[in-house]
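Listed below, chain by chain, are the residues.
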Amino acid sequence: MPDAATFAAIALGSLAAALLGAWLVPRVSRDDAVVVADPHGEAVVFLMEGPDIADASAPALALLPRDAAALDDWARLRACLGPRFPAFPETPDGVPEGGTRLPTADEEDDACLVLQRQGGVLRVEIEEPEIDASDRHRLALARLDCATLRHATTHAPDPCWRTDATGRVVWANRAYLALAEQTRSWAEGAVPPRLFDLPRPAPGDPPARHAVNRPNGTPIHWFDIRTVPAGGEWVHFATNVDAAVASAAAQRQFVQTLTKIFAELSIGLAVFDRERRLVLFNPALLDLTGMPADLLSARPALATFFDQLRERRIMPEPKDYGSWREATEALATAASTGRCAENWSLPSGLTYRVTGRPHPDGAVAFLFEDITAEVSLTRRFRTEIELGQAVLDALEEALAVFSPQGVIVFTNRAYRRLWAVNPDARIRDTTAAEALRLWQTACRPGPDWDGLAAALSAGARTASWREAAVHRDGPRLDVRVRPLGGGAAVVSFGIDPRRLLAAPDRPATGGQRTADVG
């Protein structure tokens, strides 16, 4: 029969075994995640009771993400192991009864994730192959690189985040979280929200443009988002494009403003691109050319456009089609260099001014302006001027009109015949001093030429002046200076035999200046 010492030894042995078991099997506190286990163990083991961690080794707990405290234990475990083992189940119920072994996403990674059911507990363990010193060194370098990359992405100025296959955000950098704070959809310690509703991208897709809105629906920022696959997950990179969006909005507003201006212009506008196809026109072009809007909306080529003008007799009738085609090509070439400006006299009696202007990127614009009224007015003015010239040329009195600047602007036929000069044929203007020298040289001494010069000076063109002079060729002249409106003056040389025959043989030396002589 065992004695008391034997019972004491058995009791001490049982107590030591219990203490050793408690020391070897790690335990987890749900509140503060404190592990009561061997701190030197390297195995990564989780014991799961449903979605909760019932037990875990110290290295296993060290792997759990600290920034996902708001998730349940299974979701935290999936966020930790899912990137390396893409087939990790979404729920504990996804594990088969007999357990399973999940490979890694990297073919060169020989590790394996073992999931086994042991009663009501699910054991999750990472089986790692033995590594030598060189592998440990490469692993250490990889960790340093990973830390550098994580620091770079965390502090990147633009949002960057990672989502799983369900679209849930499993990681986000500081810029993304700051953006979430602006939308009032995230607070410190909470799960990062899903700010963007992104479709599954296809290879080669351009970046998708999305806005982040305030709670009232107004955009805060605009981003171009590029998505790249990362195993079974997706990594998203957002680039702020607020300036580009604002610029595009300003451009659209500017185009709308120009469109309104073009719509109200009375000048027809037709803009052709570098391929010489019509890309822009205004309503005035329809009115001036009579072309239907559907024809112009079909973006006809430049040659087709001119063909339609010819058919509608909106351009001068060509002698033959070949010469007309050459003329239209020359017109387009001249427009591209900015040297196109023609007046078209149409069979209908209208006159169009056609102007070509080059535009950026090889485009060209044509302006069609109805100048019929302008041409008619010009022709009428020209007729009136020619009639006035004919009337003045019919007068026997020689006339010379001086501008306010003191130069001859107009003479009649009697003046040109009397003085044997044609001021209109000179390139340079004839001044009052030059005309006075001509008169003085062609006349006998005696008249008060200084008085005549004073009467033609700028400050004295408001008073009349009159005196007689004798031309060297014989005729006696009645020289008069009369002011005109605006500072102009007219000098007349009249031959009055009845008055001049009564004058003395020697002309008077003094001139007569009056306020007005009729």
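These figures come from a predicted structure and were not determined experimentally. (Residues numbered from 1 in each chain as written. Predicted model: local features only at pLDDT ≥ 70, side-chain atom pairs only at ≥ 80, totals over all residues. Heavy atoms only, no water.)

## Description of the packing of aromatic side chains
Stage number 1. The final tally for this structure, using the stated rule, is 15 aromatic pairs.
Stage number 2. On the numbers, 6.2 Å between centres and 65 degrees between planes, the contact of Trp344 with Phe368 is edge-to-face. Here Trp344 is found in strand S15 (residues 340-345), whereas its partner Phe368 is found in strand S17 (residues 364-370), with 24 residues between them in sequence. Residues Trp344 and Phe368 agree in their burial class; the two are buried.
Stage number 3. Put simply, the rings of Phe272, Phe305, Phe306, Trp344, Phe366 and Phe368 touch in pairs and so form one group of aromatic residues. (Phe/Tyr/Trp six-rings, centres within 6.5 Å; stacked < 30°, edge-to-face > 60°. Helix = DSSP H or I, 4+ residues; strand = E, 2+ residues; numbered from the N terminus. Buried < 20%, exposed > 50% of the residue type's maximum accessible area, 1.4 Å probe, protein only.)

## Here we look at the layout of surface pockets
Stage number 1. Roughly 2300 Å³ of volume is contained in the largest pocket.
Stage number 2. Lining the largest pocket are 44 residues; nearest its centre among them are Leu63, Arg84, Glu128, Leu139 and Arg143.
Stage number 3. Mapped onto the lining of the largest pocket, the elements with two or more residues apiece are helix H2 (58-63), helix H3 (73-81), strand S7 (121-127), helix H4 (133-154), strand S8 (160-163), strand S9 (169-172) and strand S12 (233-240).
Stage number 4. With 12 residues, the single largest contributor to the lining of the largest pocket is H4. (1 Å grid on protein atoms, 1.4 Å probe; cavity = no way out; pocket = protein on both sides within 12 Å on 5 of 7 lines; lining within 4 Å. Points joined across faces, edges and corners; volume = space filled by probe spheres on them.)

## Some details on the pattern of salt bridges
Stage number 1. Scanning the model with the defined rule gives 18 salt bridges in all.
Stage number 2. The residue Arg78 makes a salt bridge to Asp164 at a minimum N-O spacing of 3.5 Å. One end of the pair, Arg78, is in helix H3; the other, Asp164, is in the loop between S8 and S9, and 86 residues separate them in sequence.
Stage number 3. Notably, a salt bridge pairs Arg416 with Asp393, separated by 3.7 Å at the nearest N-O pair. With Arg416 in helix H12 (residues 413-419) and Asp393 in helix H11 (residues 372-394), the pair connects residues that are 23 residues apart, well separated along the chain.
Stage number 4. The exposure class of Asp393 is buried, given its relative accessible area of 12%.
Stage number 5. Bridged by salt links that share partners, the residues Arg78, Asp164 and Arg168 form one connected network. (Salt bridge = Lys/Arg side-chain N within 4 Å of Asp/Glu carboxyl O.)

## Description of the side chain of Asp164
Stage number 1. In this structure Asp164 comes out as buried when scored by relative accessible area, which is 4%.
Stage number 2. Within polar-contact distance, the side chain of Asp164 engages the side chain of Thr166 at 2.7 Å.
Stage number 3. One polar contact links the side chain of Asp164 to the main-chain amide nitrogen of Arg168, over a distance of 2.9 Å.
Stage number 4. Look past the residues within four positions of Asp164 in its chain and what remains in contact with it is Arg78, Val170, Gly232, Glu233 and Trp234. (Polar contact = N/O pair within 3.5 Å; in protein donor to acceptor, adjacent residues only side chain to side chain. Contact = heavy atoms within 4.5 Å.)

## Some thoughts on helix H14 (residues 449-456)
Stage number 1. Where H14 is concerned, the buried positions are Trp449, Gly451, Leu452, Ala455 and Leu456. Along the long axis of H14, the arc covered by the buried residues comes to 155 degrees, so they all point the same way. (Arc of directions from axis to C-beta.)

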